[in-house]
Amino acid sequence: FFQKWVNREISNFDYLIQLNTMAGRTYNDLAQYPVFPWILRDYTSEELDLNNPAVFRDLSKPIGVVNEKNAKTVKDKYENFEDPLGMIDKFHYGTHYSNAAGVMHYLIRVEPFTTLHIQLQSGRFDCADRQFHSIPATWQALMDNPNDVKELIPEFFYFPEFLENQNGFNLGQLQISKEVVNDVVLPKWAHSPEDFIYKHRKALESEYVSAHLHEWIDLIFGYKQRGPAAVEALNVFYYCTYEGAVDLDALTDEKERKALEGMINNFGQTPCQL
């Protein structure tokens, strides 16, 4: 199917779904949910011009350093990290681009994710300022904060309902502006959730993305996922997130094993390398 993709017989969307599936990702496990890239960087213009390369995110860089300003912080963190016990390898990010909490964060307006989110937050909604309430604000937070490295989920390309608070949940109000969190605030260029999905999907299938998508795939599923290429690309995550990094069967202490399992499930997992 790689050849089919190269020949443009299958869409970028289908290709990403196939890669996720081959790497063990599935809709049935929030800790192993399919991961998709942020592809745009323009969430403020009145019109979205897909012929302008400047509207697209740089797919050759991990999301944490798409903003050049963050690269130094991320590099320094890696170079200055020392584990006195010598067990933990150096890493660029102590968080992950795909984890269960992130999936619930995006899908909070839709069941069963609403209930799962409430369970995760000990029986109530998380405070409004931390909710997914605006696409432009989410992108801005990624650009400002090298510790926020969430990529997207496939729903951003086909499921307008997750952007609407159709169930009328009381998600609270933002502290400073007192704005009530309801439907997700869209970029100016999107006139409705359906319009956002239509244009976003169009962006995913655009000429620019088709020419550069392989660069992101290298980071997430390919050779830049670990080893020297990952170090050079500023793409090293906490050791527990990698397949085979921890031998759970070797842990005899039940408590320790449970704690580690919980950490891996909540923390995020890097897909199997393809």
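Residues numbered from 1 in each chain as written. Predicted model: local features only at pLDDT ≥ 70, side-chain atom pairs only at ≥ 80, totals over all residues. Heavy atoms only, no water.

1. Here we look at the overall build of the protein chain
Looking only at helices and strands, one finds ten helices and zero strands in the protein chain. Element order for the protein chain, N to C, with α for helix and β for strand: α-α-α-α-α-α-α-α-α-α. Overall, the protein chain is about 55 × 50 × 35 Å in size when its C-alpha atoms are taken along their principal axes. Classification of the 274 residues of the protein chain by burial places 48% in the buried group. Counted over contacts in the protein chain with a minimum sequence separation of 6, partners at least 24 positions apart contribute 68%. Carbon and sulfur atoms form 52% of the exposed surface of the protein chain, whose accessible area is close to 13700 Å². Taking the average place of the 25 positive charges on the side chains of the protein chain and the average place of its 39 negative ones, the gap between the two points comes to 3 Å. (Helix = DSSP H or I, 4+ residues; strand = E, 2+ residues; numbered from the N terminus. Buried < 20%, exposed > 50% of the residue type's maximum accessible area, 1.4 Å probe, protein only. Contact = heavy atoms within 4.5 Å. Areas by Shrake-Rupley, 256 points an atom, 1.4 Å probe, with all protein chains shown as cover. Lys, Arg positive; Asp, Glu negative; His and termini not counted. Charge placed at Lys NZ, Arg CZ, Asp CG, Glu CD.)

2. Structural notes on helix H3 (residues 68-80)
Turning to H3, its buried residues number three or more, namely Asn 70, Ala 71, Val 74 and Tyr 78. Along the long axis of H3, the arc covered by the buried residues comes to 115°, so they all point the same way. The outward face of H3, more than 90 degrees from its buried face, is lined by the exposed residues Lys 69, Lys 72 and Asn 80. On its buried face, H3 sits against helix H6 (135-144) and helix H9 (228-232). (Arc of directions from axis to C-beta.)

3. Quick word on the nonpolar core
Counting 73 residues, the largest nonpolar core has Leu 40, Phe 156, Leu 163 and Phe 196 as its most contacted members. Put simply, the parts of the chain that give this core at least two residues each are helix H2 (12-22), H3, helix H4 (100-106), H6, helix H7 (193-204), helix H8 (207-220) and helix H10 (254-267). Element by element, the count of residues in this core is highest for H8, at six residues. Counting residues in each nonpolar core, the second largest holds six residues, with Ile 108, Phe 169, Leu 171 and Val 181 among its members. (Core = buried A, V, L, I, M, F, W, Y, C linked by side-chain atoms within 4.5 Å.)

4. Notes on H8
Under the 1.5 Å per step criterion, the end-to-end length of H8 is 21 Å for 14 residues, consistent within 8% with the ideal 20 Å. Of the surrounding secondary structure, the elements contacted by the buried residues of H8 are helix H1 (2-6), H2 and H7. (Expected span 1.5 Å × (residues − 1).)

5. Some words on the environment of Ser 192
Summarising the element assignment, Ser 192 is placed in the loop between H6 and H7. For Ser 192, a relative accessible area of 24% corresponds to the partly exposed category. Separated by 32 residues in sequence, Ser 192 and Pro 160 place their C-alpha atoms 8.7 Å apart. At a separation of 3.0 Å, a polar atom in the side chain of Ser 192 contacts the main-chain amide nitrogen of Asp 195. (Polar contact = N/O pair within 3.5 Å; in protein donor to acceptor, adjacent residues only side chain to side chain.)

6. Notes on the environment of Ile 197
Note that Ile 197 resides in helix H7. Sequence-distant contacts of Ile 197, defined by excluding residues within four places in its chain, comprise Glu 155, Phe 156, Phe 157, Tyr 158, Phe 159, Pro 160, Phe 162 and Leu 163.

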